[in-house]
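Okay, here's what each chain looks like letter by letter:
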Amino acid sequence: MNQKTFFAFIGPSVLMMVLFIALPLATVLKQSFYQTQSVYETLEVETCSPTFTGQVCVKEIKTIPIIGNNGKVITQTNYVGLSNYQNVLEFPRVIAAFANNSWHEFMLIDFWKALRFTLTFTLITLPLVLFFGLLIALCINNVAKSIRGPVIFVSLLPMIITPVIGALAIRWLFIGDGILTSFLEWWLVKDISMFAQAWTIEFMMTFYRVWHVAPFAAIVFYAGLQTVNKDTIESAIIDGASRWQKLRYVIIPHLMPLIIFVTLIHLMDAYRVFEEVVGFSSQAHVISLQWLTYDFLTADLMGNRSIGRASASSMLTMIGITLLLIPVLRGVWNDYKGKRL
Amino acid sequence: MKDINLIKQPLTLRFSSYFFLIFWCIVAAFPIFWISVISVKLPLDAFNSNALNVIFGPGTLSQGKGLSFIDISVGLAVILFTAKLTTGWLGRKVNQYSPKGYVGVGWIIGSMTFGISFIVVFFAIMPSILSVLNEYTGLLGNNIIGFSTEHYSTVWFERDFINNFKNSLLVTTGVVTISLTFGTLAGYGLARSGSNLAFWILIIALVFRALPHSVLVTGYLPFFINSAEILRPIFGDAAPTFYGMPWATVAVLVAINQPFTIWMLRSFFQSIPAELDEAARVDGCSHFQAFRRVIMPVMWPGVITTGLFSFLLAYNDFLVTSMLLEAQNTTMVPAIASMFNMETTTTDQVVAVAAAVSIIAPLFFLVMFFQRQIVSGLTAGAVKG
């Protein structure tokens, strides 16, 4: 295929990605250095109120936003350098927290709190997803062909369900006197409330995410298991390999590209954890990086949105995912170069 | 014969595999099963701490709302019959009646007609026949399980969920058609070109796929809110405000979806042998003609699968639609967030549950229709990787 036809085929899609992904990214980068504020004016206002002895007048200096001809508050956008980033990262508070040697105080700062949760969430769910995915796949591969179809059907349900609703479904099992909470209370003989402290909420979130993603890993691995070379397995058995050795030295190396693929996808998806925060209404205890940006973007009671701070936290979020993905992407790159040589 | 003996599993391993799979299926299905049970109970039963009370719903029964033995058996029979039809009969009919090269369109029309007729039969015709039957069958016609659809009617008619449903329909249709149109062309181009540029486009697309959606929304939001003023020099007073327009969110979702779409379609096109279009080229077709006449007829499985995943992304999205649409006029998923946040009474909670079940019901049927396509889609992306 020559260059010209190639461009004709990919042109529309690439143009769209430039226009709708790259351009907004550039805008975010620019916005993160600017801040939009309402323009205020200071007025001396004299308010008089009648009393028995005559009028009492009070002079006050008030700061009020200027309202333009179209009835909207006039705003202006200024270059503020890195101050949006400073507002998000809040270094003075970080230093103060470290000076006090207090992890608790550090965790009160929104950005660091969100970063801590996002990273632990991503890194804890990853091995769990891989483990349960592999376990389910091996079990499906082990049972009679006739029941594989129904099992895969049921397994697909948690995967394709709307994430917010999946999280809600788990939440409704536990909320108040939900059946699982009452079951736990009966079992442990003590009063439990799953939504009162951070760690129980995080546990439910982790459970939800593994429940949601393990089927994906399982189906990918199951497909990989179908292509394991029968001869290699046979010769391993003849050589006296135990079941565990077979798994460790034949099956897992065969599945390695798929394991990397699932890892890559899972890192991307788990890092943008967001729906869990909405579904479990956990913002008082646990927040994630995406939720932080979302919160900055949401209009407050005055209708103001902190676009500048949202852009700064977006940029920081993006730097985070890039750092997280570099090892995996380097592997892909080496693989590609290896294939071409 | 010997090798079969060698590969044969010991009984304990086999048994524990079955045991674990049963356990997993319960874990996988239980939360979904449970919210569907809750949604048809009155609040008194729905959040009862005794599981049996939730399932059988004595409170709901005492209000005279329930299902009899006959209702349940007829309902199950209809559902099983439908499932049977979807797995075999529907596919054969679609293949038989759709014109050559338009099997994909045939599938869409076929499954839509099928879905609509199921809804009509199940929710309109069946209940009226059953209510007559129940009166004449005595004991079998007595209610045994509490069942009430009142929360569903609250959601759909009083809370104006139909409007949200229309928005969802608009957004998903737009996203699926546009992503597929752009994606098939690009996917084909990338699959048939081994150049370095193609590789770099794919890597950049992969990086774009990793972008948290909130980053893109941050870029769009100020423009969407002020678009009327920004575009005034070009369009004059007719310049639209994009904020709150369902079709404007289509652009955002298509952009988010595009990297994934081209990756997936590329791997599908790679599985179509290149000899096929080379043969067409030898016969004097241009690249575009080869694409249209030779590739398009055989590409439908891949397109359907990719379309399914685009549909899921658009349908399940919360972040983009809740941020770029006004709270009164969103798609279904953000609408539910306002419902469960407001839950002041238990009735409101059950209404929110009913809304949740309404949202996931179409997804349930989607898995039933397209299980094979979903599985092949998950594995196609991975195995070629």
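Enquirer: Explain the overall build of chain A to me, using residue names and the numbers behind them.
Expert: A count of helical and extended segments in chain A gives 14 helices and four strands. Here the C-alpha atoms of chain A give a radius of gyration of 28 Å, more than 25% beyond the 20 Å that 2.2 N^0.38 yields for 341 residues. Taken along its principal axes, the extent of the C-alpha atoms in chain A is 110 × 70 × 45 Å. Expressed as a percentage of the 341 residues in chain A, the buried residues total 47%. For chain A, restricting intrachain contacts to residue pairs at least 6 apart in sequence, the fraction spanning at least 24 positions comes to 66%. Both charge centroids of chain A, one from 24 positive and one from 20 negative side chains, sit 12 Å from each other.

Enquirer: Outline the overall build of chain B, listing residues and values.
Expert: When you go through chain B residue by residue, the secondary structure sums to 18 helices and two strands. Across the 385 residues of chain B, 50% fall into the buried class. Taking contacts inside chain B between residues at least 6 apart in sequence as the whole, the part at least 24 apart equals 77%.

Enquirer: I'd like a description of the nonpolar core, backed by residues and values.
Expert: Counting 194 residues, the largest nonpolar core has W172(A), F216(A) and F221(A) as the members making the most contacts within it. Among the elements that make up this core, the one with the highest residue count is helix α18 (residues 346-384) of chain B (18 residues). Y188(B), L265(B), I295(B) and V303(B) belong to the second largest nonpolar core, which has 13 residues in total.

Enquirer: Explain the packing of aromatic side chains to me, using residue names and the numbers behind them.
Expert: Summed over all chains, the structure comprises 24 aromatic pairs over all chains. Between F117(A) and F121(A) the ring centres are 5.4 Å apart and the planes differ by 40°, which places this aromatic pair in the tilted class. You can see F117(A) and its partner F121(A) sitting in helix α5 (residues 110-142), four residues apart, about one turn around the helix. Each member of the pair, F117(A) together with F121(A), is buried. A centroid spacing of 6.1 Å and a plane angle of 50° characterise the contact between Y208(A) and W211(A), whose relative ring orientation is tilted. Here Y208(A) and its partner W211(A) are both found in helix α9 (residues 198-225), three residues apart, which amounts to about one turn of the helix. Three or more aromatic residues joined by ring pairs make a cluster, and in this case those are F9(A), Y188(B) and F269(B). Taking the ring centre of W263(B) as reference, the NZ or CZ of R266(B) above it sits at 5.6 Å.

Enquirer: Summarise unusual backbone geometry; cite the residues concerned and give the values.
Expert: Residues and elements named next belong to chain A. The backbone of S281 shows a phi angle near 45°, a positive value even though the residue is not glycine. Residue placement: S281 occurs in the loop between α12 (275-279) and α13 (289-297). The partly exposed category is assigned to S281, whose relative accessible area is 29%.

Enquirer: Please give an account of the interface of chain B and chain A that cites residues and values.
Expert: Contacts between chain B and chain A engage 101 residues on the former and 98 residues on the latter. Carbon and sulfur atoms make up 78% of the surface buried where chain B meets chain A, a total of about 9,000 Å² over both sides. At the junction of chain B with chain A, the criterion picks out one salt bridge. Here chain B and chain A share 15 residue pairs in polar contact (both at pLDDT 80 or more) between them. A total of 17 residues in the side of chain B that touches chain A trace back to one element, the largest contributor, which is α18(B). Among the residues making up the side of chain B that touches chain A, the classes are represented as 73 nonpolar, 21 polar and seven charged.

Enquirer: Tell me about the environment of M194(A), and name the residues and values.
Expert: Mapped onto the elements, M194(A) comes out in the loop between α8 (179-188) and α9. Along the backbone, M194(A) and G11(A) are 183 residues apart, and their C-alpha atoms lie at a distance of 52 Å.

Enquirer: Mind laying out the environment of L324(A), listing which residues take part and the relevant values?
Expert: All names here are of chain A. Inspection of the secondary structure puts L324 in helix α14 (residues 307-340). Residues L324 and L119, spaced 205 residues apart in sequence, show a C-alpha to C-alpha distance of 9.5 Å. What L324 contacts, discounting residues up to four positions off in sequence, is L119, T122, L267 and Y271.

Enquirer: Can you explain the confidence of the model for chain A? Please cite residues and give values.
Expert: Of all residues in chain A, 94% have pLDDT values of 70 or greater, and the mean over the chain is 81. Highest mean pLDDT in chain A belongs to α5(A) (89); lowest belongs to strand β4 (residues 75-79) of chain A (73).

Enquirer: Pulling in residues and values, what's your account of helix α7 (residues 163-174) of chain A?
Expert: Residue and element names in this part refer to chain A. The first and last C-alpha atoms of α7 sit 17 Å apart over twelve residues, in line with the 16 Å expected at 1.5 Å per residue. A large share of α7 lies buried, amounting to twelve of its twelve residues. Where α7 is concerned, the buried positions are P163, V164, I165, G166, A167, L168, A169, I170, R171, W172, L173 and F174.

Enquirer: Please provide a residue-by-residue account of the pattern of salt bridges, values included.
Expert: Tallied over the full model, the rule gives four salt bridges over all chains. A salt bridge links R209(A) to E276(A); the shortest N-O distance between them is 2.7 Å. Residue R209(A) is found in helix α9, and its partner E276(A) is found in helix α12; the two are separated by 67 residues along the sequence. The same class applies to R209(A) as to E276(A), namely buried. Taking the shortest distance from any N to any O, the salt bridge between R272(A) and D269(A) comes out at 2.9 Å. With a relative accessible area of 11%, R272(A) lands in the buried category. A network of salt bridges, in which partner residues are shared, links D269(A), R272(A) and R209(B).

Enquirer: Provide a residue-level description of the side chain of S322(B), including the pertinent values.
Expert: Tracing the sequence through the fold places S322(B) in helix α16 (residues 319-324). Judged by relative accessible area, which is 18%, S322(B) ranks as buried. Side-chain polar atoms of S322(B) contact the side chain of Y294(A), separated by 2.7 Å. With sequence-adjacent residues up to four places away left out, S322(B) is seen in contact with Y294(A) and P334(B).

Enquirer: So, the confidence of the model for chain B: which residues are in play, and what are the values?
Expert: Residues and elements named next belong to chain B. Here chain B shows a mean pLDDT of 78. Residues at 70 or above account for 87%. Here helix α1 (residues 2-7) stands out as the element of chain B with the lowest mean pLDDT, 45, in contrast to helix α9 (residues 161-192), whose mean of 87 is the highest. Low confidence marks residues 1-6, where pLDDT is under 50. Its contacts with residues over four positions away, or in another chain, come to two contacts.

Enquirer: Would you mind going over a nonpolar patch on the surface in detail, with residue names and values included?
Expert: A surface patch of nonpolar side chains, about 490 Å² in accessible area, is lined by I116(B), V120(B), V121(B), I125(B), I129(B) and L133(B). The topology assignment puts L133(B) in helix α7 (residues 103-136).

Enquirer: Just give me the short version of the packing of helix α13 (residues 274-282) of chain B against helix α14 (residues 287-298) of chain B, but keep the residues and values in it.
Expert: Residue and element names in this part refer to chain B. Between α13 and α14, whose axes approach to 9 Å, the crossing angle comes to 135°. Comparing the axis directions of α13 and α14 gives the class oblique. Of the two possible hands of crossing, α13 and α14 adopt the one that is right-handed. Mapping the contact onto sequence places L276, D277, A280 and R281 in α13 and H287, A290, V294, I295 and V298 in α14. For the contact of α13 with α14, a count of residues per class yields six nonpolar, one polar and two charged.

Enquirer: Run through the state of the cysteines, naming residues and quoting values.
Expert: A disulfide bridge is the covalent bond that connects two cysteines by way of their sulfur atoms. In the structure shown here, the tally under the stated rule is zero disulfides over all chains. Just so you know, C139(A) is unpaired, no disulfide at all, and the nearest cysteine sulfur is the one on C25(B), 11 Å from it. Assessed through its relative accessible area of 8%, C139(A) is described here as buried. Take C25(B): its relative accessible area is 17%, and that puts it in the buried class.

Reading the values: rules and limits
- Residues numbered from 1 in each chain as written.
- Chains lettered and ligands numbered in written order.
- Predicted model: local features only at pLDDT ≥ 70, side-chain atom pairs only at ≥ 80, totals over all residues.
- Heavy atoms only, no water.
- Helix = DSSP H or I, 4+ residues; strand = E, 2+ residues; numbered from the N terminus.
- Rg over C-alpha atoms; globule rule 2.2 N^0.38 Å.
- Buried < 20%, exposed > 50% of the residue type's maximum accessible area, 1.4 Å probe, protein only.
- Contact = heavy atoms within 4.5 Å.
- Lys, Arg positive; Asp, Glu negative; His and termini not counted.
- Charge placed at Lys NZ, Arg CZ, Asp CG, Glu CD.
- Core = buried A, V, L, I, M, F, W, Y, C linked by side-chain atoms within 4.5 Å.
- Phe/Tyr/Trp six-rings, centres within 6.5 Å; stacked < 30°, edge-to-face > 60°.
- Lys NZ or Arg CZ within 6 Å of the ring centre and 35° of its normal.
- Buried area = accessible area lost by both parts, 1.4 Å probe.
- Salt bridge = Lys/Arg side-chain N within 4 Å of Asp/Glu carboxyl O.
- Polar contact = N/O pair within 3.5 Å; in protein donor to acceptor, adjacent residues only side chain to side chain.
- Nonpolar A, V, L, I, M, F, W, Y, C, P; charged D, E, K, R; others polar.
- pLDDT = per-residue confidence, 0-100.
- Expected span 1.5 Å × (residues − 1).
- Patch = residues over 30% accessible without salt bridge, like charges linked within 9 Å, V, L, I, M, F, W, Y side chains within 5 Å.
- Areas by Shrake-Rupley, 256 points an atom, 1.4 Å probe, with all protein chains shown as cover.
- Axes fitted to C-alpha atoms, helices over the stretch in contact; angles between N-to-C directions.
- Parallel < 35°, antiparallel > 145°, perpendicular 65-115°, else oblique.
- Left-handed = near helix turned anticlockwise from the far one by under 90°.
- Disulfide = S-S within 2.5 Å.

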